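The lines below spell out each chain.
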Amino acid sequence: MTIKLRLRTYGDPCLRKPARPVLAVGPAERMLIREMIPAMYAFDGTGLAANQVGIEAKIFVADIGEGPFAVINPEIIQASVKQTVLEEGCLSFPGIHIKVKRPEAIRVKYLSERNETIEAELTGIPAKVFQHEIDHLNGRAIIDHASRAEKLKFKDQLAALESSHRKRAPRG
Ligand SMILES: [Zn+2]
């Protein structure tokens, strides 16, 4: 299958726009999900949010080791006081890893691909993946969790990613 979806990286305004809630999962959303799943595998990601491929819809796909699934309109309805740190990478920040502190456990509510409302209690890696992808859908990314030292450490890579967007303008 050919991948039509283009991965957006740091500096692309798509990553900063909060995605719009999906009213109901219909054929268009299912088609998007069917394209996002192979794209996620092709990009070699654990998860992929729709705005990472330039689509402003509150949808992400993920595979946390038990096969791919889609999450629509996710909301965190409860979060543990206890927070843990995990070094997170992101398809939109190639080569960059940031130590991100997040609640260890969360309770989430979302729609499945079949329009079922699901509530789930998540801990460990699944909790981190959901929070990472929900950040994307809210226009946030790992860089917003970075310490000053980390921003300095990855300064050149971040600048290179940002400038790659400026160069895309047509040149005469
Ligand atoms: Zn990401």
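Rules behind the numbers
- Residues numbered from 1 in each chain as written.
- Predicted model: local features only at pLDDT ≥ 70, side-chain atom pairs only at ≥ 80, totals over all residues.
- Heavy atoms only, no water.
- Helix = DSSP H or I, 4+ residues; strand = E, 2+ residues; numbered from the N terminus.
- Rg over C-alpha atoms; globule rule 2.2 N^0.38 Å.
- Buried < 20%, exposed > 50% of the residue type's maximum accessible area, 1.4 Å probe, protein only.
- Contact = heavy atoms within 4.5 Å.
- Areas by Shrake-Rupley, 256 points an atom, 1.4 Å probe, with all protein chains shown as cover.
- Donors = N, O, S within 2.8 Å, 3.2 Å for Na, K, Ca; no water.

A.B. asks: So what exactly am I meant to see when it comes to the overall build of the chain here?
C.D. replies: Regarding its fold elements, the chain presents four helices and seven strands. Taking 2.2 N^0.38 as the reference for a compact globule, 172 residues should give roughly 16 Å; the C-alpha atoms of the chain span a radius of gyration of 16 Å, in line with that estimate. Viewed in the frame of its principal axes, the chain has a C-alpha envelope of about 50 × 40 × 25 Å. Counting over 172 residues, the chain shows a buried share of 45%. Of all intrachain contacts in the chain linking residues separated by at least 6 positions in sequence, the fraction that spans at least 24 positions is 67%. A total of about 9,500 Å² of accessible surface is found on the chain, and carbon and sulfur atoms cover 53% of it.

A.B. asks: Explain the coordination of the zinc ion to me, please; I cannot follow it from the model alone.
C.D. replies: Tetrahedral coordination by four donors sets the ideal angle at the metal to 109.5 degrees; octahedral coordination by six donors sets it to 90 or 180 degrees. Taken together, the protein ligands of the zinc ion are C90 (SG), H132 (NE2) and H136 (NE2), with distances of 2.0 to 2.2 Å. Between the donor residues of the zinc ion, the gaps in sequence give the motif C-x41-H-x3-H. Taken as a pair, C90 in the loop between β4 (83-88) and β5 (98-103) and H136 in helix α2 (residues 124-137) lie far apart in primary sequence, 46 residues in all. No difference in accessibility class separates C90 from H136, as the two residues are buried.

A.B. asks: Before we go on, may I ask you to explain unusual backbone geometry in this structure?
C.D. replies: Most peptide bonds take the trans configuration, and most residues that are not glycine carry a negative phi. Residue N73 is not a glycine yet carries a positive backbone phi of 50 degrees. Relative to the assigned elements, N73 resides in strand β3 (residues 68-79). For N115, which is not glycine, the phi torsion reads 65 degrees and is therefore positive. Structurally, N115 is set in the loop between β6 (105-111) and β7 (117-123). For N115, a relative accessible area of 33% gives the class partly exposed.

Keep in mind that these numbers describe shape and distance, not what the molecule does.
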